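Architecture at a glance
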Amino acid sequence: MLSFHSIASHQHKAVGRLVSQAIRRKSAIPGRGAKNSAEKTPSQTQSVPIAQCALAAGLGIATVSASAALVESATASSVPAFDPKGQRFDAQSFTGRFSRMLLACDPRLLLYTANQVRDARELIGNW
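Residues numbered from 1 in each chain as written. Predicted model: local features only at pLDDT ≥ 70, side-chain atom pairs only at ≥ 80, totals over all residues. Heavy atoms only, no water.

Before going further, it helps to examine the overall build of the protein. When helices and strands are tallied, the protein shows five helices and zero strands. Counting every position in the protein, which comprises 127 residues, the buried fraction comes to 10%. A fraction of 56% describes how many contacts in the protein between residues 6 or more apart in sequence connect residues 24 or more apart. When the accessible area of the protein is evaluated, it comes to approximately 10,200 Å², of which 63% is carbon and sulfur surface. (Helix = DSSP H or I, 4+ residues; strand = E, 2+ residues; numbered from the N terminus. Buried < 20%, exposed > 50% of the residue type's maximum accessible area, 1.4 Å probe, protein only. Contact = heavy atoms within 4.5 Å. Areas by Shrake-Rupley, 256 points an atom, 1.4 Å probe, with all protein chains shown as cover.)

Here it is in structure tokens:
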């Protein structure tokens, strides 16, 4: 099983590779060298790379979702008894704070319907 530190290290390296590739591509774009007064600005000559932006956003969402799923499965066996006023993770440790925020920011939460959210609130309210 992977540790949180190895996951974060792997993601950090992957992001570093993507950034360095983007910098190399940007430096290869004509008109990005020394500026002269006759040269047009990049905003006049280039458009926004929609496909690349959409790909980056999709990869970001997939990374956060996969990380949240990994945290969920890795911590499932050590979950304390449910307490609606308590916390699932230890806020005194980095791993606990990181896990809590990762699950709170999980994009899969957007897929729940209004009825599922209402049912969950009622379940907690009746606890």
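After that view of the structure, there is still more to cover.
Here the focus is a nonpolar patch on the surface. Side chains of Phe 82, Ile 124 and Trp 127 sit close together on the surface and give an oily, nonpolar patch of about 390 Å² of accessible area. Relative to the helices and strands, Ile 124 is located in helix α5 (residues 114–125). A residue is classified by how much of its surface remains accessible, and Ile 124, at 47% relative accessible area, is partly exposed. (Patch = residues over 30% accessible without salt bridge, like charges linked within 9 Å, V, L, I, M, F, W, Y side chains within 5 Å. Salt bridge = Lys/Arg side-chain N within 4 Å of Asp/Glu carboxyl O.)

Counted according to the given criterion, the structure contains three salt bridges. Arg 88 is paired through a salt bridge with Glu 72; the nearest N and O atoms lie 3.0 Å apart. You can see Arg 88 sitting in the loop between α3 (50–75) and α4 (94–104) and its partner Glu 72 sitting in helix α3, a full 16 residues away along the chain.

Turning next to the environment of Ala 66. With respect to the element layout, Ala 66 can be found in helix α3. The sequence separation of Ala 66 and Arg 108 amounts to 42 residues, and the corresponding C-alpha distance is 9.7 Å.

So, about the packing of aromatic side chains. All told, the structure shown has one aromatic pair when counted by the stated rule. Judged by centre distance (5.8 Å) and plane angle (20°), the rings of Phe 94 and Phe 98 are stacked. Within this pair, Phe 94 and its partner Phe 98 are both found in helix α4, separated by four residues, close to a single helical turn. Of the residues examined, Phe 94 reaches a relative accessible area of 52% and is grouped as exposed. (Phe/Tyr/Trp six-rings, centres within 6.5 Å; stacked < 30°, edge-to-face > 60°.)

The complete set of buried residues in α4 reads Gly 96, Ser 99, Leu 102 and Leu 103. Buried residues of α4, viewed axially, fall in a sector of 135°; they line one side. (Arc of directions from axis to C-beta.)

Ala 68, Val 71, Phe 89, Leu 102 and Leu 103 together form the largest nonpolar core, which totals five residues. The contact partners of Phe 89, leaving out residues within four places of it in the chain, are Val 71, Thr 75, Gly 96, Ser 99, Arg 100 and Leu 103. (Core = buried A, V, L, I, M, F, W, Y, C linked by side-chain atoms within 4.5 Å.)

Before going further, it helps to examine the packing of α3 against α4. At a closest axis distance of 9 Å, the pairing of α3 and α4 adopts a crossing angle of 125°. By the angle between their directions, the pair α3 and α4 is classed as oblique. For α3 against α4, the interelement crossing comes out left-handed. Every residue of α4 that contacts α3 at Val 64, Ser 67, Ala 68, Val 71 and Glu 72 is listed here: Ser 99, Leu 102 and Leu 103. Residues belonging to the contact of α3 with α4 are distributed by class as follows: five nonpolar, two polar and one charged. (Axes fitted to C-alpha atoms, helices over the stretch in contact; angles between N-to-C directions. Parallel < 35°, antiparallel > 145°, perpendicular 65-115°, else oblique. Left-handed = near helix turned anticlockwise from the far one by under 90°. Nonpolar A, V, L, I, M, F, W, Y, C, P; charged D, E, K, R; others polar.)

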